[in-house]
Amino acid sequence: MTTAPTASAPPPAPLTPEPAAKGKATRPGDKIFIGMSRGSGIFLLVVMAAIAAFLTYRAYIAISQNEANFLTAFEWNPQGDPPRFGIAILAYGTVVSSIIAMVIAVPISVGIALFVSHYAPRRLAGPLGYVIDLLAAVPSIVYGLWGALVLVPYLDGMNMWLDQYFGWTYLFDKSGSGPARNLFTVGILLAVMILPVITNVTREVFLQVPKMHEEAALALGATRWEVIRMSVLPFGRSGIISASMLGLGRALGETMAVATVLSPNFLFSGHLLDPGGGTFAQNIAAKFNEANEFGRDALIASGLVLFVMTLLVNGAARLIIARRKEYSGANA
Amino acid sequence: MKLQRRNVRGLRALTVGAAAVSTALLLTACGSDDNTQQGGEDATKAAGNIKCGGEGKLLASGSSAQKNAMDLWIKNYMAACPDVQINYNPIGSGGGITQFNQGTTAFAGSDSALKEDEVEASKKICKSGQGINLPMVGGPVAISYNLSGVDELVLDAPTIAKIFDSKIKKWDDAAIKKLNPDAELPSTDIQAFHRSDESGTTQNLGKYLAEAAPDDWKYEAEKSWPAKGGQSASGSSGVAAQVKQVEGAIGYFELSYATSNNLNSVKIDTGAAEPVEATSDNASKAIAAAKVVGEGDDLALELDYATKAESAYPIILVTYEIACDKGNKADSLEAMKSFLTYTASEDGQKILSEEGYAPIPAEIATKVREIIPTLS
């Protein structure tokens, strides 16, 4: 957990303290170490390539026999005759629930991280840090059960309130009664789940703001909030982004909690408060057990789309961080 | 300085984590101990008529609908025959058939008989033979509801079809009132729950509705829920939990889930003189009308869902054990034959109703008992 910011924001500083030693690893320990690290790097790439190849091959088998449009169809029936399945609902549900989660979780996480790193008394900051660490380690099925048994019944009232006052936004228009087993609830649950991840990483980054920056700002007469605005946030920006991407990664792939809370179906609805929708991971978990070989291939095809989506998100995060890098001085 | 601080934190976090993990381990250890003790007591009672055979491990997987029956059988069998280790993994019928056809298990449990292409695939594993269906467990699928003040509810197939197809949306709909003239039906919304995962239970309900109410249910009977509306939950336990939690809910699951959750179940108006209640006995009566449609040693059944016989409960489920007729794996064959002989025996079938299942009819059970010794 503590090394995560360097792992996801890795522009590696050149590790050559003595240029003379470069290329001439004289001691056997150096040679072994170079070989091992190079080997692990290559191994990782090979594993990734193998996963991609496997997914592509199985997905090809399924998609080539699909009678519906794989990208736009609102149904999932790969074991029917003829097989018809599409990922439109799943992609929509995955993206929407993750966006809701990010909108809720990122500001709160940054707030908590700031509080723990800059406002809380030191005696409180330590234990708070551990508690958040522990929250990140709670298994997702526990969150799922909490969501289904506690969160859903309690959200009924809020849903009615949202429907009454914000129904005009179309998004919060709720048709009919029924428990709050919808994408909005899933988004809230995902926000709770990714909060500790984002908070932890952000806090670590904030703690690494050079003391000199902060002291210089204070010396110029800045208030504590101005210090945070002028030195902590700019310094931590790329860290916040990579932390959010880590959280987003978890939200995109979350399975058990979503499967426990959501009432999935394959109807498209822009109304966030109506039960229904689905996500890639939830759909795979729900359908895998009873699926025959072809059904599994179809699920793997949907998994491939999630794989590509996650890659794109991470790539985009890399680009943003790389562009910000020179301003923030985070990697100096 | 920073480095040092981080190390201390890591160590402390580790201590907290270790404490949490060991507590959890301690608790789980207690839990499983209790289970084995209970098992031991029950098993000694029923160990009488089991003929042991073979030794070693017997692996099987498949339908979760017959999980509770399997647990009971395995407990009794292993108490009598300690040389055999049986492991039934309830991963679902589809997964069970896949594993069987890959040769990783000795037999599979399935809610529906093998399809043609699955029989073809089984020939690779069975070499000289092919996979056959042996009916082993029957059971009623209860339709349960949560409606305060209504303890008895009668529905017929067209009404059930319309409710689950979102055509009937209120509890005080005229169609429901007509079937229940005495009940005080509130005007609340009907929350119809179905399974979100694929399931043989869904498929059997679909077959029933398609056969008994063809005008109102025009969907193919698939394992995934075909209709568009309604709400869903994962697994029979998930649906039962939702029905219990949500006022105005109605859902379907194996009878045992209705009993264990204290839920009222719908009586079905089949056209017989009296509406039929979901019980093991009534389900057995409906299964008795089943016809064998498999060829040779294959005992795939065709159920009569549109039955109008007195007190025959029509929404039924039969699960099969799937094994090779010839070419079973030599090292587990004897153990499998001895175990299946027990499950199909009178003793094995008799204990089913304790768990909310229904024994398969005597005529079919006899055929199953004739076929098991011929497996090779």
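Data block above holds the structure.
The structure presented is a predicted model; accordingly, all values stated were derived computationally and were not measured.

Each value, and the rule that gives it
Residues numbered from 1 in each chain as written. Chains lettered and ligands numbered in written order. Predicted model: local features only at pLDDT ≥ 70, side-chain atom pairs only at ≥ 80, totals over all residues. Heavy atoms only, no water. Contact = heavy atoms within 4.5 Å. Buried area = accessible area lost by both parts, 1.4 Å probe. Salt bridge = Lys/Arg side-chain N within 4 Å of Asp/Glu carboxyl O. Polar contact = N/O pair within 3.5 Å; in protein donor to acceptor, adjacent residues only side chain to side chain. Helix = DSSP H or I, 4+ residues; strand = E, 2+ residues; numbered from the N terminus. Disulfide = S-S within 2.5 Å. Buried < 20%, exposed > 50% of the residue type's maximum accessible area, 1.4 Å probe, protein only. Phe/Tyr/Trp six-rings, centres within 6.5 Å; stacked < 30°, edge-to-face > 60°. Axes fitted to C-alpha atoms, helices over the stretch in contact; angles between N-to-C directions. Parallel < 35°, antiparallel > 145°, perpendicular 65-115°, else oblique. Left-handed = near helix turned anticlockwise from the far one by under 90°.

Novice: Pulling in residues and values, what's your account of the interface of chain B and chain A?
Specialist: Counting residues at the interface gives 32 residues for chain B and 36 residues for chain A. The contact between chain B and chain A buries some 2,900 Å² in all, and 42% of this surface belongs to carbon and sulfur atoms. Summed over the shared surface of chain B and chain A, the result is 1 salt bridge. Between chain B and chain A we count 8 residue pairs in polar contact (both at pLDDT 80 or more) in total. Of the residues forming the side of chain B that touches chain A, the biggest block, 6 residues, is contributed by helix α1 (residues 2-46) of chain B.

Novice: Break down the state of the cysteines for me, citing the residues and quoting the values.
Specialist: Following the criterion strictly, the structure yields 2 disulfides over all chains and no others. Taken N- to C-terminal, the disulfide-bonded cysteines of chain B are connected 1-2, 3-4.

Novice: Describe the pairing of strand β13 (residues 316-324) of chain B, and please don't skip the residues or the numbers.
Specialist: In terms of burial, β13 of chain B is a largely internal element, 9 of the 9 residues being buried. Alternating residues of β13 of chain B divide into Ile316, Val318, Tyr320, Ile322 and Cys324 of chain B and Leu317, Thr319, Glu321 and Ala323 of chain B, and every residue in both groups is buried.

Novice: How would you summarise the packing of aromatic side chains if you had to cite specific residues and measurements?
Specialist: Going through the model one piece at a time under the given rule, you end up with 18 aromatic pairs over all chains. Between Phe172 of chain A and Phe184 of chain A, the aromatic rings sit 5.4 Å apart at their centres with planes inclined by 80°, giving edge-to-face as the arrangement. Here Phe184 of chain A lies in helix α6 (residues 183-207) and Phe172 of chain A lies in the loop between α5 (140-166) and α6, a separation of 12 residues in the sequence. Take Phe172 of chain A and Phe184 of chain A: they sit in the same class, and that class is buried. Taken together through their ring pairs, the aromatic side chains of Phe164, Trp217, Tyr219, Trp225 and Tyr252 of chain B make up a single cluster.

Novice: Residue-level account of the packing of α6 of chain A against helix α8 (residues 224-253) of chain A, with values.
Specialist: Residues and elements named next belong to chain A. Between α6 and α8, whose axes approach to 8 Å, the crossing angle comes to 150°. With respect to α8, the element α6 is oriented roughly antiparallel. The crossing of α6 and α8 is right-handed. Side by side, α6 and α8 meet where Leu190, Met193, Ile194, Val197, Ile198, Val201, Thr202, Val205 and Phe206 of the first sit next to Val232, Leu233, Phe235, Gly236, Gly239, Ile240, Ala243, Ser244, Leu246, Gly247, Arg250 and Ala251 of the second.

Novice: How would you sum up the pattern of salt bridges? Please name residues and give values.
Specialist: If the charged atoms of two oppositely charged side chains come close together, the side chains can form a pair. All names here are of chain B. Applying the stated rule across the entire model yields 11 salt bridges over all chains. Residues Arg195 and Asp197 are paired through a salt bridge, measuring 3.0 Å at the closest nitrogen-oxygen approach. For Arg195, a relative accessible area of 7% gives the class buried. According to the relative accessible area criterion, Asp197 is buried, its value standing at 13%.

Novice: Lay out the environment of Ala300 of chain B in plain terms, naming residues and giving numbers.
Specialist: All names here are of chain B. Considering the arrangement of structural elements, one finds Ala300 in the loop between β11 (291-292) and β12 (301-302). Separated by 187 residues in sequence, Ala300 and Ala113 have C-alpha atoms that sit 5.7 Å apart. Contacts of Ala300, omitting those with residues within four sequence positions, involve Ala113, Asn133, Lys291, Val292, Val293, Gly294 and Tyr320.

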